[in-house]
Every structure is written in structure tokens, then in C-alpha cells.
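Chains, contacts and geometry: an overview
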Amino acid sequence: MRTNGLFDLQVNGFAGVDFNDPAITPKALDHALEAMLTTGVTGCLPTLITAHEAELGDRFRALDTAVHGSRLGPVMVPGYHLEGPFLNDAPGYRGCHPPGAMIDPDVALVARLDAVIRKPILLVTLAPERSGGQRAVADLVHAGKTVAIGHSAAGHDEVRMAADAGATLSTHLGNGLPPHLPKLENTVLAQLAEPRLHACLIADGHHMSPAALSALIRLKGAGSCILVTDAVLAAAAAPGPYRFAGMDVVLDETGKVAQPGSGVLAGSALRLDQAVRNAVDWNIADADLAIRMAGDHALKALGFALKHSGISFDRGQVEWNTALEPHVIRPSAA
């Protein structure tokens with residue numbers, strides 16, 4: 001079976017390379033992107049997480065320099081995903097993000113970061129319930145960004161108002177949440193019920209069970225669901241300790257990535273082709289639908305920001321064998 005290439009909207013690192021590392025090099029980036037190509041991924045949004053503005057500036061400059069100096073970056077990376085620092089800093093909602101660096105949404109900060117890089121920030125994840133959140137959603141959309149809700153406690157009214165303002169995505173829906181939520185007045189149900197939001201989902205069996213993933217896809221509708229990895233540098237790497245965005249994390253033998261001691265999940269070690277196989281093996285989707293959720297749906301969700309920035313993207317072609325193992329046959333960078 002031949003399809004378009006996969007596209008990962010949320011990837012923090014891969015194959016031992018941390019995209020949040022201010023010392024990242026073109027050679028290191030090519031190593032990560034070459035490893036991603038073996039998983040059928042022909043494009044991605046390198047994702048930077050919450051940090052203070054000076055740190056974010058250093059990280060974005062380094063990442064952008066690596067992208068432009070690498071062989072694969074100019075072909076595979078149309079822009080970036082900023083996940084934070086405009087997130088809910090309450091325990092549970094903040095996940096592994098450092099709460100001390102979290103602030104209310106600041107569109108001017110995003111503009112300042114954009115000013116130091118050549119490829120744009122295309123996707124911004126925020127918590128719209130923070131002060132100024134609804135106005136920030138509208139202003140970011142006006143600036144050509146795709147806006148996602150994530151690490152958020154936004155209720156039904158706040159989610160509806162964010163969608164009114166132009167938010168179109170839920171970042172890793174069902175995660176970045178405390179273990180106990182109100183029975184019906186909770187952000188998962190609010191985001192599921194909002195038809196203008198597409199749901200990004202991590203199909204690794206750690207962020208949610210196969211049964212929970214199946215339920216979310218059935219309730220949201222598969223046409224509005226996107227498979228992402230939220231991978232960190234431990235993906236496609238050996239179990240053991242790693243440093244991700246300045247914090248200690250551990251990849252265990254089961255494939256779970258967490259902060260030592262607390263057990264808080266810290267991204268994943270998921271490959272996007274494995275997410276496709278998981279969706280099929282767990283009887284959630286057939287191969288065609290699972291591949292579309294990991295490719296076509298992601299690019300459709302990003303279409304507004306790509307068009308606004310005048311970016312065209314060649315997704316290439318991937319050949320899948322009967323075991324759903326991918327082989328990239330195009331683009332030319334491969």
C-alpha cells in the first residue's frame with residue numbers, strides 16, 4: 001500500500017536528540033530526522049515546551065539554525081510548535097512542564113520569538129482559562145497561528161469561547177490532567193463535545209489505555225482525530241535515563257517515559273508508525289484510517305497556518321508492507 005507520508009504535530013525530540021537542547025546541531029537534527037524517516041514520518045513540527053522567555057529564545061534560535069543548516073530540516077520541518085508557557089500551572093494540569101515558567105498568554109512574546117527565527121511558529125498550545133486567554137486565541141489566529149487547547153482546565157463555556165475565537169485543536173486530549181476530575185463539568189468532556197476542535201491523541205498505551213483511546217475516537221469521530229507521538233529524545237533509543245528540556249526523565253523497559261520519583265509522564269517514546277499499528281491492532285481503525293489520522297488529518301489541521309505563512313509542503317510517498325512497516329520512497333531528501 002502506498003500513501004502520503006506521515007506528519008507529527010507534536011515531537012519534542014527523537015533518537016537521542018532533544019529539540020529543546022540549546023546546543024542542538026545540524027548533524028544531530030539530521031540524525032533525528034533520518035530516524036523519523038524510517039518510521040514513515042516525512043514532516044513534523046519540532047516542539048518546544050514551557051521555559052522562561054530567555055531560554056525559549058535560546059532554544060528556538062539553536063533549533064532554527066540546526067534546521068537551516070541540516071540536510072533534512074529544510075524539507076521536513078515547515079515550522080514549529082510552542083507548547084507553553086501559557087498553560088495551567090496547577091498540579092496535574094501542568095504535567096512535567098515547569099510551573100515557575102508558566103505565564104498568562106502573551107501574544108507579543110510569540111512575536112518576539114518569531115522574530116529570532118526564519119521558519120515560523122505554526123502551532124501554539126495554551127490554556128484559554130488563563131487571564132487574557134480568549135483574546136490571545138483570537139490574536140494568535142489573526143497572526144496566522146493554529147491554536148490548540150492543552151494542559152488546561154477550561155470548562156464548557158471557556159472551550160466554546162476559545163473555539164469561537166478560532167482554536168481548532170486539542171493537544172494530547174485526555175492527558176495533561178489530574179487523575180480525578182469533576183464527573184461532568186470537566187475539560188475532557190467539554191473538548192470532546194466541541195465540534196470545531198480536532199483531537200490529537202497519543203496511542204502508546206501509557207498515556208491512555210486502548211479502551212480509552214477507542215472511546216475518545218468514537219466520541220469525537222475518527223475524522224476529527226489526529227495521531228501524534230509527543231515523543232522525546234528517548235524515542236527510538238535504549239531504556240535508561242535522559243535529559244529532556246533541562247529535566248531528568250527515564251525510559252523504562254515497558255516504553256514509558258516519566259520523571260524519576262514522581263512518575264509523572266514526560267512525553268513518550270512512541271514512533272508514529274507504531275501508533276498506526278497500535279490503532280489497527282487494538283481494533284480501533286483499519287490501516288487506511290489509521291494512516292490518515294497520522295498524516296492527512298494532521299496536515300489538514302495545520303492548513304490554515306501553512307497557508308497564512310505561504311508554506312507548501314511535499315509530504316512524499318511511503319510504501320507499507322503487510323505488517324504495516326513503512327518505507328519512504330519520496331521526497332528527494334530521503
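Above: the structure in question.
If you're wondering where the values come from, they're calculated on a predicted model, not measured in any experiment.

**A few points about the nonpolar core**
Counting residues in hydrophobic clusters, the biggest one holds 97 residues, and the most contacted among them are Leu9, Phe19, Leu201 and Leu302. Those residues in contact with phenylalanine 19 that lie beyond four places of it in its chain are Val11, Asn12, Gly13, Phe14, Ile24, Leu29, Ala32, Met36, Pro46, Thr47, Leu48 and Leu63. In terms of nonpolar packing, the next biggest core, distinct from the first, is built from 14 residues, Cys96, Tyr242, Val249 and Val257 among them.

**Brief notes about the packing of aromatic side chains**
Counted under the stated rule, the structure contains two aromatic pairs. Note on phenylalanine 7 and phenylalanine 313: the rings are 5.3 Å apart at their centroids and 90° apart in plane angle, and the pair reads as edge-to-face. Here phenylalanine 313 lies in the loop between helix H11 (296-308) and strand E15 (317-320) and phenylalanine 7 lies in strand E2 (residues 6-11), a separation of 306 residues in the sequence. Its relative accessible area of 0% is what places phenylalanine 7 among the buried residues. Here the aromatic rings of phenylalanine 60 and tyrosine 80 are separated by 5.8 Å at their centres, their planes lie at 65°, and the arrangement is edge-to-face.

**Quick look at helix H8 (residues 210-220)**
Those residues of H8 not exposed but buried are Leu213, Ser214, Leu216, Ile217 and Lys220. With its buried residues spanning 165° around the axis, H8 presents them on a single face. Residues Ala211, Arg218 and Leu219 are exposed on H8 and point more than 90 degrees away from its buried face. As for H8, its buried residues are in contact with helix H7 (187-193), strand E10 (198-202), strand E11 (225-228) and helix H10 (287-293). One or two positions beyond H8, positive phi appears at glycine 221, with a value near 100°.

Criteria and thresholds
- Residues numbered from 1 in each chain as written.
- Predicted model: local features only at pLDDT ≥ 70, side-chain atom pairs only at ≥ 80, totals over all residues.
- Heavy atoms only, no water.
- Core = buried A, V, L, I, M, F, W, Y, C linked by side-chain atoms within 4.5 Å.
- Buried < 20%, exposed > 50% of the residue type's maximum accessible area, 1.4 Å probe, protein only.
- Contact = heavy atoms within 4.5 Å.
- Phe/Tyr/Trp six-rings, centres within 6.5 Å; stacked < 30°, edge-to-face > 60°.
- Helix = DSSP H or I, 4+ residues; strand = E, 2+ residues; numbered from the N terminus.
- Arc of directions from axis to C-beta.

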